[in-house]
Amino acid sequence: MSVTSTEGGTGLTRLVHHVRAVAVGERTAFSSGTLTVSPAEAHAVLTDPALSDVRVSWASPGDPVRIVKVLDAVEPRTKGPGGGGIFPGFVGPALPQGRGITHVLRGAAVVAAGFLPRAQEAVVDMSGPAAPLSPLGATHNLVVEFTPAEGAAWEAVYEALRKGVLALAARLAEAALGAEPDEVDELPGLPARDDSRGLPRVAAITNLQTQGTFKEVFVYGRSFGSTALPTLIDPNDLDDGAVVSGQLGHPSLKNPTWVFQNHPVVAALRARHGVDLLCAGVVLSPEPVDATNTELVSAHAARLCRAAGFDAVVVTKEGGGNADADMALKMDALEDLGIPTVALYAEMAGVDGTGPSIVVPPTRATAMVSTGNYDERLSLPAVERAFGGDRVDVAGAPAIDAMELPTAVIYSSLSPLGWGRLTCREAV
Amino acid sequence: MTARVVHYINQFFAGLGGEDTASVLPASREGAVGPGRKLQQLLGDDYEIVATVWCGDDHAAGPDVLPAIMDLVRAAEPHVVVTGPAFTSGRYGLACARVAAASAAAGLTVVACMHPDNPGLDEAGTAPVVASGEVARQMGPSLETLAAAVRKVAAGEPLAADDGRVGKIPRRNVTVDQTGAERAVALVLARLGGDREATEVPLPRFDQVTPAQPVDDVSTALVALVTEGALVPDANPDSLESARATRWLRYAVDGRDALPAGEYRSVHGGFSTVWANEDPHRILPLDVARQLEGEGVIGRLHGEYLVTAGNGTSVGNARRFGVEWAADLRRQGVQAALLTAT
């Protein structure tokens, strides 16, 4: 296979292998679209002093299965034996990636599920009406359940899971290193400074939740702090796992690692790159917890976009409330500098959809995309099996029972990064 | 056939008095009362206001009285339920909206009438609301709008902005072909091309809160502590939600000078509660309030505090909590409240 990168050697080639079936076996392997996992090998990868026991199970699309207490999901990827630099700062060294080749097991995810304090209940159904609302409803999910070691701090348990799940994702993808890919995606690098196509440079600002342990996001393995300033990153770095979730709040408004790896705004920009725009880059920005830093970060992000020569920007968030204020301030600051801006908002319009939709709206930049109403309720059918826990506390019911839940509880259903296809319409 | 109309109003418009009678319980009478008489004239012979139901504002805004009001409404076997006009009166508007919402939920034909700034507006659920004037001086034109709306809803026709309809039309989740990200990129290109109007989310309308007048003499005032910081007795005995709260609770502080760590905790899901639980006064400053009470700076501290969790709470619910808290505190003679927010 010839592996050529585009635009002056700054691109990334994605070798995409479609996972069409999964199995459990003695050896981890990938062959003819079937991903086989060896529980013994998985245990060896996941073993950590903070975990006394781990269990792995497959949950596949269409199964009468519910995954509760979902913590994070990772798409199996690797750049070579031992990861080849994938997930920099966790599996690979903390260095920029996004060049060369990356193997992707599309249609699969490694999913951590179970009780951690500060985690709000997050539910994935593999069948029924909630399945199409979550990215994990369409993937073969290797669910990692766990028992904390006695006396282990919760922070250590979470760290062990995060590292283990990333390492396991890299290990699974390694099984496809010798396989012929189903698709080869040549991803462009950042546009050259003297690109003369006359197309607008459109960038993404991706706000990351920065509220400390259990509510943080990692960039190159480092927690992106609430006093950090916005920083520019090559979108191809996201494909190689430079951004990893450590965020357990707001299940429907969560950006799992899987979604950062497949950043939907970047994907939408790439799809039109060279056609009617240039995909100009990603700005990672903190979501500070105080007004002073929020104002500083918004003003600074706008100046950064101006200095980088962006003509238009799409802003996204993680979480609710404060996160809306961050977006509104950024939108207004960008438009004040003459940079047209659109942001993705989930609506919080109440159970019947009649309440005000947005907590803090922008004042001057008024173009918003709705990713659906947080409060609207869904009826989920009973299932045969549940992973991640025995009960769904917010429904006050055993996890396998039929239940009614707000959309807010369905994992990534209102994806702030724009993964989903939900929106709101007026029902006259 | 004559359409049977049941009209809901408050104690003031029922002719029972103002704030002094704001605590009268739900009651009803055959026929039109107060503004209902003029409404009857405007509606003409095809409609008959068969009963008028009323309730004192302080109760009507409370949580428990709606079933009793609805029993009176249903007992009159209405074809159409009409509530208001409530103008900008908060508790009255809330009651009109709730009676309308409950009627709609029960499958009855209904229309409510209040000013667009009335805090009750968002409580009307799926029931239509038409605009009244701001104050009762505008009763005449308000009733004309309302009468026209009654005829329309009775005929099964939808109400639109031209009919004076106000409030939000329900927004429902639908699935579309493109992802949110794809739509966002298309929208930003449209904006770059000069389209300044396109959006999927209309800008919400927020009302401005006019602060109450300062308390004349706080050294004689009864002062309450209220909080959205989700501080509850340690076992969370009433299961306050940590997010998306749908209700509020009350806990006694009579005879207490402090809220010891371990006996109280915050179940708020929107921030790290470590510091709050280390010293619950960081959420509810009972210690300092008692000190001020002892020094005579404030008259007396109210015997209980009101609490909810302000985290992912819909604006509609938050507004309702505020109106209910105000009514509850007023009933108990509280003159000032200290609201701690997180």
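No experiment lies behind these values; they were computed from the predicted model shown. (Residues numbered from 1 in each chain as written. Chains lettered and ligands numbered in written order. Predicted model: local features only at pLDDT ≥ 70, side-chain atom pairs only at ≥ 80, totals over all residues.)

**Details of the overall build of chain B**
On a plain count of helices and strands, chain B comes out with nine helices and 15 strands. Structurally, chain B occupies a C-alpha span of about 65 × 60 × 35 Å along its principal axes. The buried share of chain B, taken over its 342 residues, is 47%. Residue pairs in contact within chain B that sit at least 24 positions apart in sequence constitute 73% of those at least 6 positions apart. (Helix = DSSP H or I, 4+ residues; strand = E, 2+ residues; numbered from the N terminus. Buried ≥ 20, exposed ≤ 12 C-beta atoms within 10 Å, placed from the backbone. Contact = placed C-beta atoms within 7 Å.)

**Overview of the interface of chain A and chain B**
Listed as interface residues are 59 residues of chain A and, on the opposing side, 43 residues of chain B. When residues of the side of chain A that touches chain B are traced back to their parent elements, those giving at least two are helix 5 (264–271), strand 20 (312–316), strand 21 (341–347), strand 22 (368–373) and strand 28 (422–426) of chain A. The leading source of residues in the side of chain A that touches chain B is strand 22 of chain A, at six residues.

**Describing helix 1 (residues 35–43) of chain B**
Residues and elements named next belong to chain B. Buried residues of helix 1: Pro35, Gly36, Leu39 and Leu43, and no others. Each buried residue of helix 1 sits inside an arc of 95 degrees when the element is viewed along its axis, so together they form one side. At its buried positions, helix 1 is contacted by strand 1 (3–10), strand 3 (47–55) and helix 5 (139–154). (Arc of directions from axis to C-beta.)

**Regarding the sheet that holds strand 9 (residues 100–106) of chain A**
Residues and elements named next belong to chain A. Read across the open sheet, the four strands follow the order 8-9-1-13; overall the sheet is mixed. Looking along the sheet, the strands with just one partner apiece sit at the ends: strand 8 (77–78) and strand 13 (183–187). As paired strands, strand 1 (residues 12–18) and strand 9 are joined by seven bridges and run parallel to one another. Note on strand 9: the bridge partner recorded for Arg14 is Thr102. (Pairing = 2+ DSSP bridges.)

**What about the pairing of strand 1 of chain A?**
All names here are of chain A. Within strand 1, five of the seven residues are buried, which leaves it mostly tucked inside the rest of the structure. The pairing of strand 1 with strand 13 spans five bridges and is antiparallel. Directly across from Leu15, in strand 13, lies its bridge partner Val184.

**Structural notes on helix 5 of chain B**
Residue and element names in this part refer to chain B. Between its terminal C-alpha atoms helix 5 stretches 22 Å, which fits the 22 Å expected from 16 residues at 1.5 Å a residue. Of the residues making up helix 5, those classed as buried are Ser142, Leu143, Thr145, Leu146, Ala147, Ala149, Val150 and Val153. In the stretch just after helix 5, Gly156 is the one whose phi turns positive, near 80 degrees. (Expected span 1.5 Å × (residues − 1).)

**Regarding the environment of Thr2 of chain B**
All names here are of chain B. Structurally, Thr2 is set in the segment before strand 1. For the pair Thr2 and Asp46, spaced 44 residues apart in sequence, the C-alpha separation works out to 4.8 Å. In contact with Thr2, other than residues within four places in its own chain, are Asp46, Tyr47 and Glu48.

**What to know about the nonpolar core**
One finds Val111 and Val144 of chain A to be the most contacted residues of the largest nonpolar core, which totals 143 residues. If you tally residues by element for this core, the top one is helix 2 (residues 154–174) of chain A, at twelve residues. If we skip the residues at most four places from it in the chain, Val111 of chain A touches Ile67, Val70, Ala73, Leu136, Asn141, Leu142, Val143 and Val144 of chain A. Among the nonpolar cores identified, the runner-up in size contains 55 residues, and Val5, Val73, Ala112 and Ala327 of chain B belong to it. (Core = buried A, V, L, I, M, F, W, Y, C linked by C-beta atoms within 7 Å.)

**Some remarks on the confidence of the model for chain A**
Chain-level statistics for chain A give a pLDDT mean of 94 and a share of 97% at 70 or above. Per-residue pLDDT stays below 50 along residues 1–8 of chain A; that stretch engages in 15 contacts with residues further than four places along the chain or on separate chains. (pLDDT = per-residue confidence, 0-100.)

**Concerning the domain arrangement of chain B**
Residues and elements named next belong to chain B. Looking at the assigned domains, one finds that chain B contains domain 1 (3–166) and domain 2 (218–340). Its C-alpha centre places domain 1 at a distance of 33 Å from the equivalent point of domain 2. Taken residue by residue, the interface counts eleven residues in domain 1 and ten residues in domain 2. Ranked by residue count, the leading element in the side of domain 1 that touches domain 2 is helix 4 (residues 90–105), at three residues. Class assignment of the residues belonging to the side of domain 1 that touches domain 2 gives a composition of four nonpolar, three polar and four charged. (Domains from an automatic or database assignment. Nonpolar A, V, L, I, M, F, W, Y, C, P; charged D, E, K, R; others polar.)

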